[in-house]
Amino acid sequence: MPAMNRPSIAPFLPFLTALLSFDAAAQEVYQIRVDEPAQTLLGFGGSQVFQLEWWVDHPTPELLHDLLMDGLGLDILRLEMVYERPSPSGASWQELMDKQVELLAEAQARGVTSTMVTSWSPPAYLKDSQSIAGGTLALDAHGAFVYDDYADWWVDGLLEYKSRGVLFDYVSPQNEPIWSALYPTCRFNPTESAGIAGYLEMYRRFYTKLALEPSLTPLLMACESAGYWDLDSYLTAISQLPWIDAWTHHMYGLPWTDPSAGIPMQQSVKANWGDRPIFQTEYSSLGSPLGWEDAVLLAQHIHNVLAEEDAAAFLFWSLLWRDGQAEMDGLVQVHDPALQDPTITVRDCYWGMKHFSYFLGSGDRRVACVPPASPALKVSAYRRAQDDVLVAVVVNPSANPIYFALDVQGMLTGAVTGVLSTDSHPFVAQTGLSPATGIIVPAKAILTLEVQTAEPTCGPQPGCAGVPNSTGQAATVAGIGSGSISANDLAFVVDDCPPSTFGLMFFGQGEANAPLGNGVRCVDAPLYRMPAISVDATGMAVLPFDQLNTHTQAVIDPGSTWTFQFWYRDVAAGGAFSSVSGGLDVTFCP
């Protein structure tokens, strides 16, 4: 097994349970509303562009596949369009494309469901700079930008991939069109201006050429802006194009160490551009590593993109990056394959990403999570499509442990498991958790919880106790049959009432503690009632409950619980001359 530089993982790290040291009044309660869905996720992913060979040619590529595909639960792999674009390392474009196809085949075999391709720069012959670095599109003999040639290059490139068995799911025709830099770039202004090609004009020509090739049907994305600061100008220019399927952007320009600085811009994107799915397709610190703080910062950035912006996908910049550079651009770091050094360094950011990507994927849906006033934690919640599990990701960016609870509404909760990451022990399994009661999450930690859906206990169960009546006993209500709505076989037996009296059954949802006659009403309003009936000489009555015709306006849904009480006349008792039985709780099932 090759060496891996990563923090040691303890076999099991007991969860902090010293609740007595925390003031219960200081507990932060986060209300999760499962029945208030938000956006549907399309997944998590990352790019492999500049160091593609360092992955494919690594001495132990299987370990990299394990870490970056299976280990992250990757959904989306983003690559560069390399057609007719030789590598700066000297490899031909054909060799580069072969390595991409090899990586894509491995990704597909390991459950990566979506692929994305974008261009950093077209070939030099399409550039005014005659270089893949800097510049914009070249001009033709008539002084017009070569939009048609650019579109032809793109479609020819996609057909070349198709001939090798690759059909990309998502296509974005230009990465960060605002940039003209010393690395591969191609400048496009939102619309054509003096000396600079237009993104709008380019996209129209590209779509026109693509539409002529029926075998190519990718979803189209725009505009992969460098950050929020240049996003609006590009999307405003192209918003009239109805065939663009998703909006895309990066987050450069945001301070890595202050994730909250981006929230106003993220909320603006949600408000202004929420008509189509939003992808955050590239981000990293681009700075010197900060240690474990980077994991907590990345988790906060992901939380904000999903919870504040309603983005459908989050992609990290580079999955793998080369060793020997100060910048933290990759989730893992490797040495030059030519050195045959198998050492792999797992960067701290890897764990911040994994707390989302490993548990969530395409088709899962975020649900509402209402924080307390001035929350210390970042908490987001999701309903997983494949197994209906509720996933909650809890990020504690503070320097203190935080005592919190989850108030889950709209779902019966069952067993809870989790994974906790701290500086010294990343991604350690936790069991025996009770988020409804309270959990302590350590300082600078990330916790992902999986809450199973519990099956409702169908049928009648004893409820609140009644008050003795003139017989010296408290009247009771018992249930016979089941709570199955389809079976419709539920009936009630009322006993220990005064003999030969009359009364009626009423029911509702929610708890109460209010006087009613000489007794106590323990079911809250609104109340529904059944027709009055007579009690026999033994103080007993039987009431069938026809769920299809209750003579009320009550709507009884599967999984709902209702409380039933019987009001009856009790003249001999004096006082209010009436009373109520104890309660019966009935949970209804399909």
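Residues numbered from 1 in each chain as written. Predicted model: local features only at pLDDT ≥ 70, side-chain atom pairs only at ≥ 80, totals over all residues. Heavy atoms only, no water.

### Considerations on the packing of aromatic side chains
Tallied over the full model, the rule gives 38 aromatic pairs. A ring pair is formed by tyrosine 350 and tryptophan 351, whose centres lie 5.0 Å apart and whose planes are at 85 degrees; its orientation type is edge-to-face. For the pair formed by tyrosine 350 and tryptophan 351, the shared burial category is buried. Ring plane angle 40 degrees and centroid distance 6.2 Å describe the contact between phenylalanine 545 and phenylalanine 588, whose orientation is recorded as tilted. Separated by 43 residues along the polypeptide, phenylalanine 545 in the loop between β31 (541-544) and β32 (561-569) and phenylalanine 588 in the segment after β34 (584-587) bring together distant segments of the chain. Comparing phenylalanine 545 with phenylalanine 588, the two get one shared label, buried. Taken together, Tyr150, Trp153, Trp154, Phe188, Tyr199, Tyr203, Phe206, Tyr207, Tyr234 and Trp243 form an aromatic cluster joined through their ring pairs. Across from the ring centre of tyrosine 358, 4.9 Å away, lies the NZ or CZ of lysine 354, which sits over that ring. Geometry around phenylalanine 427 places lysine 354 over its ring, the cationic atom sitting 4.5 Å from the centre. (Phe/Tyr/Trp six-rings, centres within 6.5 Å; stacked < 30°, edge-to-face > 60°. Buried < 20%, exposed > 50% of the residue type's maximum accessible area, 1.4 Å probe, protein only. Helix = DSSP H or I, 4+ residues; strand = E, 2+ residues; numbered from the N terminus. Lys NZ or Arg CZ within 6 Å of the ring centre and 35° of its normal.)

### Some points on the confidence of the model for the protein
Of the residues in the protein, 94% reach a pLDDT of 70 or more, and the chain-wide mean stands at 92. Predicted confidence is poor over residues 1-21, with pLDDT under 50, and the contacts of this stretch with residues over four places away or in other chains come to 49 contacts. (pLDDT = per-residue confidence, 0-100. Contact = heavy atoms within 4.5 Å.)

### A few points about the packing of helix α8 (residues 293-307) against helix α9 (residues 349-357)
Closest axis-to-axis distance for the α8/α9 pair is 6 Å, and the angle between their directions is 35 degrees. At the point where α8 passes α9, the crossing takes the right-handed sense. Contacts between α8 and α9 involve Asp294, Ala295, Leu298, Ala299, Ile302, His303 and Leu306 from the first element and Cys349, Gly352, Met353 and Phe356 from the second. When grouped by side-chain class, the residues that make up the contact of α8 with α9 number eight nonpolar, two polar and one charged. (Axes fitted to C-alpha atoms, helices over the stretch in contact; angles between N-to-C directions. Left-handed = near helix turned anticlockwise from the far one by under 90°. Nonpolar A, V, L, I, M, F, W, Y, C, P; charged D, E, K, R; others polar.)

### Notes on the sheet that holds strand β16 (residues 378-383)
Pairing is mixed in the open sheet, where nine strands are placed in the order β20-β19-β22-β17-β16-β15-β2-β18-β21. Both edges of this open sheet fall to β20 (428-430) and β21 (439-441), since each of them pairs with a single strand only. Across the sheet, the mean angle separating the axes of adjacent strands is 30 degrees when strand polarity is ignored. Examined bridge by bridge, strand β15 (residues 365-370) and β16 share three bridges and lie antiparallel to one another. Residue pairing in the sheet places arginine 365 in a bridge with arginine 383 of β16. Sheet contacts for α8: β2 (28-40), β15, β16, β17 (390-396) and β22 (445-453); angle to β16, the most-contacted strand, approximately 55 degrees. (Pairing = 2+ DSSP bridges.)

### Comments concerning α9
By the criterion of burial, α9 is predominantly enclosed, with nine of the nine residues buried. All of the buried residues in α9 are Cys349, Tyr350, Trp351, Gly352, Met353, Lys354, His355, Phe356 and Ser357.

### Details of unusual backbone geometry
At the junction of alanine 222 and cysteine 223, the peptide bond is cis and its omega measures out at 5 degrees in the coordinates. Take cysteine 223: it is sitting in strand β9 (residues 219-225). Here the residue pair alanine 525 and proline 526 is connected by a cis peptide bond, since its omega of 5 degrees sits within 30 degrees of zero. Assignment of secondary structure puts proline 526 in the loop between β28 (519-523) and β29 (528-529). Unlike most non-glycine residues, glutamate 176 shows phi in positive territory, near 40 degrees. As for its position among the elements, glutamate 176 is in the loop between β6 (170-172) and β7 (188-189). We classify glutamate 176 as buried; its relative accessible area is 5%.

### Description of the nonpolar core
Core analysis: the largest hydrophobic core is formed by 114 residues, its most contacted members being Leu68 and Ile238. If sequence neighbours within four positions are ignored, isoleucine 238 has contacts with Tyr199, Leu200, Ala222, Ile244 and Trp247. (Core = buried A, V, L, I, M, F, W, Y, C linked by side-chain atoms within 4.5 Å.)

### Topic: the environment of alanine 307
By the element assignment, alanine 307 lies in helix α8. A relative accessible area of 18% places alanine 307 in the buried class. In this structure, the C-alpha to C-alpha distance between alanine 307 and valine 393, residues 86 residues apart in sequence, is 11 Å.

### Things to note about the packing of helix α2 (residues 61-70) against helix α3 (residues 93-109)
Relative orientation of the contacting elements α2 and α3 amounts to 55 degrees, with a least axis distance of 11 Å. Compared by their axis directions, α2 and α3 come out oblique. Relative to α3, α2 is oriented so that their crossing is right-handed. Residue-level contacts link Glu62, His65 and Met69 of α2 to Leu103, Glu106 and Ala107 of α3. Residues belonging to the contact of α2 with α3 are distributed by class as follows: three nonpolar, one polar and two charged. (Parallel < 35°, antiparallel > 145°, perpendicular 65-115°, else oblique.)

### Thoughts on the pattern of salt bridges
If the charged atoms of two oppositely charged side chains come close together, the side chains can form a pair. Within the structure shown, the criterion is met by 20 salt bridges. Across the salt bridge formed by glutamate 224 and arginine 78, the nearest N and O atoms sit 2.9 Å from each other. Within this pair, whereas glutamate 224 is found in strand β9, its partner arginine 78 is found in strand β4 (residues 76-80), the two being separated by 146 residues in sequence. Each member of the pair, glutamate 224 together with arginine 78, is buried. Linking aspartate 275 and arginine 276 is a salt bridge whose minimum nitrogen-to-oxygen distance equals 3.2 Å. Connected via shared salt-bridge partners are Glu62, Asp66, Asp70, Glu106 and Arg110. (Salt bridge = Lys/Arg side-chain N within 4 Å of Asp/Glu carboxyl O.)

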